[in-house]
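# Report on the structure
Here is how the chains run, residue by residue.
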Amino acid sequence: MSNELLGGFPYITVGNVAMMSIGLGMIYLGVARRYEPLLLVPIGLGVLLSNLPATGIAEDHGFLGMLRKAGLDNELFPLLMFLGVGALTDFTPLLQNPSTILLGAAAQFGIFAALIAAILLGWDINNAAAIGIIGSADGPTTIFVATQLADQDLWGPITVAAYSYMAMVPIIQPPIMRLLTTKKERSVRMAYPSTPPSYRSRILFPLVVIILGSLIAPKAAPLIGMLMIGNLLREVGVVDRLSQSAQNELINVTTIFLGLAVGSTMTAERFLELETIGIFALGLFAFAIATATGVIFGKIMYYVTKGKVNPLIGAAGVSAVPMAARVVHRVGQEEDPDNWLIMHAMGPNVAGVIGSAIAGGVILGLLN
Amino acid sequence: MTNDLTQGLYIAVIAIGLVFTATATFFLILIALRWIFPTPDQDEGNFGNNPQLISDDQNSEYEEPDDRETEANNPQSIPASQELGPKIAAAAAAIYLEMSAQEHPYQNKTDHDRNIQTMQKSSWGNIGRSLLMDTQGSRPPAAGTNRTQQNILGTRIRK
């Protein structure tokens, strides 16, 4: 009786306090530091709510538990997010410079390097693959794969690691880019394509990618399908209302629900484990390898084209759109302030989204 | 763990191969699309001007007037090409004002300026309307309370 009068205070544990502090830390990073605020703020709020003692919010019949079951357990939310991402993505730079799509594949090595490293550190293969997918630098893909392969305890740490490192791309990538390139290579100015892509090719490209991508990696069909449906809504020009809805209302509502649902998986008993630190370390490793392989492939293109491709754009192959492309532009301008690499980097950047979706689908296909 | 490692290496090799196969296929498709449709389509530029193409509302009854018809009916009308310059300038000015209002919502002096103009007309009706706009219809503070408020001239007064 007396405990009831004291509300939740008698039930609070050190773990609850620690997790609420982590939730508040995420909110702080999102609000004050602007590190992926659209995701870190709802996730932080989800963590805060789910760790309040004696509320039952995060349990199966609590509202966060219901959100989790409605959209996370069945992979609905990441797919809806991908629809919005597709509607927001402009594939024009890729259509203008098709060869940059290969950089989007090269930057997926980080996934598989982290997968092998995770196995060596003792994770079983399903969890290792889910941890490795952090290297895709793509939030919806990471959640989509993690919710199908990993134990539920790992969903939260994997998602938070992915979004944290995506926010830290400007810190992680530049040293690797400088290390692997020479001043001469970083100073390369790339030629701009003279003509924009035709309307028909902008419409046909997503349709062909849906069909062929799904045939090559059937398990990637939901991700690729939603991405390209969103892009098709944008490009056809006759369903502007649907495109606007996907770009705004749908993705915003889904982001709130997804953030809260992911946050609700991060309870003290699940998150405060030694393996969480391991996941964050492997996530960083995956990002570093992805950046490095992207730049190395960029260097190969530099030599093949006899200096016409700036190898820095390979780093944009990790799909953190558009952050990675901005980082490439900034590092390029350190050597040559008049060198505008942003549009060239957007090609591999959006290719990275396609590459990571294919990689995620292939992993699911091989492991399921 | 050895089994997992072997399986992991197998997955890594197969998966990276498939990713490259898929992207290489898309690369070839992109090349083919550029080859088949090398230039922007002729009708592409009309999308922004044709409401029937951009509207997804099947019941839309809007029909854009034909410039040639308008010009024929009104001999004093200016050809569309000559009207474009002022329209662009007006649009740019409107966008600039809207953006500056959004960026500095608390520094927007428009209402304040309007109030001063209203005062210069010395019309009680206008003053009352300005007060209503300033307070958003809320009840003004009671006389004698020690509250700082802004009067319609924008100067801070202490009651």
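All right, on to the overall build of chain A then. Counting its regular elements, chain A contains 20 helices and zero strands. Once the C-alpha set of chain A is aligned to its principal axes, its extents read approximately 80 × 45 × 40 Å. Nonlocal contacts in chain A, meaning residues at least 24 apart in sequence, comprise 77% of its contacts between residues at least 6 apart. Mean positive and mean negative side-chain charge positions of chain A (20 and 22 charges, respectively) differ by 14 Å.

Tallying the contact residues gives 50 residues for chain A and 37 residues for chain B. Buried area between chain A and chain B, summed over both chains or domains, comes out near 3,800 Å², and the portion from carbon and sulfur atoms is 79%. For the pair chain A and chain B, the interface holds one residue pair in polar contact (both at pLDDT 80 or more). Among the secondary structure elements, those contributing two or more residues to the side of chain A that touches chain B are helix 6 (92-96), helix 7 (101-106), helix 8 (109-120), helix 14 (199-216), helix 16 (240-264) and helix 20 (342-367) of chain A. When residues in the side of chain A that touches chain B are grouped by element, the largest group, 11 residues, is from helix 14 of chain A. Of the residues assigned to the side of chain A that touches chain B, the class counts are 35 nonpolar, 10 polar and five charged.

The subject of this paragraph is the environment of B:Phe26. Of note, B:Phe26 is situated in helix 1 (residues 2-36). A relative accessible area of 0% places B:Phe26 in the buried class. Once residues within four sequence positions are removed from consideration, B:Phe26 is found in contact with A:Ile101, A:Val209, A:Leu212, A:Gly213, A:Ile354 and A:Ile358.

Rules behind the numbers
- Residues numbered from 1 in each chain as written.
- Chains lettered and ligands numbered in written order.
- Predicted model: local features only at pLDDT ≥ 70, side-chain atom pairs only at ≥ 80, totals over all residues.
- Heavy atoms only, no water.
- Helix = DSSP H or I, 4+ residues; strand = E, 2+ residues; numbered from the N terminus.
- Contact = heavy atoms within 4.5 Å.
- Lys, Arg positive; Asp, Glu negative; His and termini not counted.
- Charge placed at Lys NZ, Arg CZ, Asp CG, Glu CD.
- Buried area = accessible area lost by both parts, 1.4 Å probe.
- Polar contact = N/O pair within 3.5 Å; in protein donor to acceptor, adjacent residues only side chain to side chain.
- Nonpolar A, V, L, I, M, F, W, Y, C, P; charged D, E, K, R; others polar.
- Buried < 20%, exposed > 50% of the residue type's maximum accessible area, 1.4 Å probe, protein only.

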